[in-house]
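Each chain, letter by letter, is given below.
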Amino acid sequence: MFSTKIERSTETDDMTDSYRHQGLRRQLVNGLKQKGIEDPRVLEAIDKVPRHLFMDSSFLEFAYQDKAFPIASGQTISQPYTVAFQTELLKVEKGMKVLEIGTGSGYQACVLYEMGARVFTVERQINLYKKVKSFFNKYGYKIKVFHGDGYRGLPSFAPFDRIIITAAVPEIPGALKTQLKTGGILVAPVGGQGYQTMMRLVKHSETDFEEEHHGGFVFVPMLPGTAAD
Ligand code: SAH
């Protein structure tokens, strides 16, 4: 899709997707493979999304390092490895309805979009919500973004085939378990501040959830309610 919306360029203008950026992205993808990401569809999606466009200009040169970075409103854009890891666990198929909690920069949502998902994403901070909404419009990402409290999910758009939480939760919110389809998968970092376990839930019925643990990660906390700044 970037062939239509984002100019490919050999120049070093940071707001285009130059050959330099594409080359750095290819290296990032190779690094992710070496770190154990195997699903070719996940790697292809990472290869398609110009991560430098999501970052404040002073950080552009770091866009393709495998690191988390600060974005607006005191939040972070997740580390590419973490995005790839969560996406791989989610087992997204084309056309699936996917709910993301914690839009942040919008990067994870775009990776899901490039995998062919119908993406719905919720952000509690109004500034991030507005920024991402115009970003999606500008670059042609057809992703539905909402300002709201992720603990409530999006009942009017439920059920979802997949749900991904990208902020740390002390436990999986009940509303999100309800909004997951039977047979659906939910991936979330669960735990206290400073360290969480990546959990994958598979919903077998309204009361029967299979639970897997997939190693330690560090996310910013999911906070209750919405914020006006
Ligand atoms: N997925 C993002 C990174 C998320 S960082 C990316 O790809 O860049 C976590 C995000 O969750 C932050 O933007 C934070 O504001 C948001 N958040 C925290 N609590 C929330 C809540 N209750 N509902 C929705 N979003 C929340």
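Presented here is an overview of the structure given in this document. Nothing here was measured: the structure is a model prediction, and the numbers come from that model.

1. A closer look at the nonpolar core
Soluble globular proteins tend to pack their nonpolar side chains together in the buried interior.
1) Next: Residues Ile 46, Phe 54, Phe 136 and Tyr 141 are the most contacted members of the largest nonpolar core, which totals 53 residues.
2) Next: The set of elements that each furnish at least two residues to this core consists of helix H2 (19-34), helix H3 (40-48), helix H4 (80-90), helix H5 (107-114), helix H6 (126-139), strand S9 (180-190) and strand S10 (196-203).
3) Next: Take this core: its biggest share by element is seven residues, from H6.
4) Next: Apart from the residues lying within four places of it in its own chain, the contact partners of Phe 136 are Gly 106, Ala 109, Cys 110, Thr 121, Tyr 141, Ile 143 and Val 145.
5) Next: Core analysis: the second largest hydrophobic core is formed by 20 residues, Phe 146, Val 169, Leu 176 and Leu 201 among them.

2. Section: the sheet that holds strand S7 (residues 144-147)
By definition, the strands of a sheet pair up through backbone hydrogen bonds, in either a parallel or an antiparallel sense.
1) Next: Strand order across the open sheet formed by seven strands is S7-S6-S5-S8-S9-S10-S11, with mixed pairing between neighbours. Each edge of the open sheet carries a strand with a single partner, namely S7 and strand S11 (209-217). The mean angle between the axes of side-by-side strands here comes to 15°, regardless of whether they run parallel or antiparallel.
2) Next: Pairing of strand S5 (residues 97-101) with strand S6 (residues 118-123) involves five bridges; the strand directions are parallel. For Leu 99, the partnering residue across the bridge sits in S6 and is Phe 120.
3) Next: Sheet strands in contact with H6 are S6 and S7, and its direction is about 165° off that of S7.

Reading the values: the criteria
- Residues numbered from 1 in each chain as written.
- Predicted model: local features only at pLDDT ≥ 70, side-chain atom pairs only at ≥ 80, totals over all residues.
- Heavy atoms only, no water.
- Core = buried A, V, L, I, M, F, W, Y, C linked by side-chain atoms within 4.5 Å.
- Buried < 20%, exposed > 50% of the residue type's maximum accessible area, 1.4 Å probe, protein only.
- Helix = DSSP H or I, 4+ residues; strand = E, 2+ residues; numbered from the N terminus.
- Contact = heavy atoms within 4.5 Å.
- Pairing = 2+ DSSP bridges.
- Axes fitted to C-alpha atoms, helices over the stretch in contact; angles between N-to-C directions.

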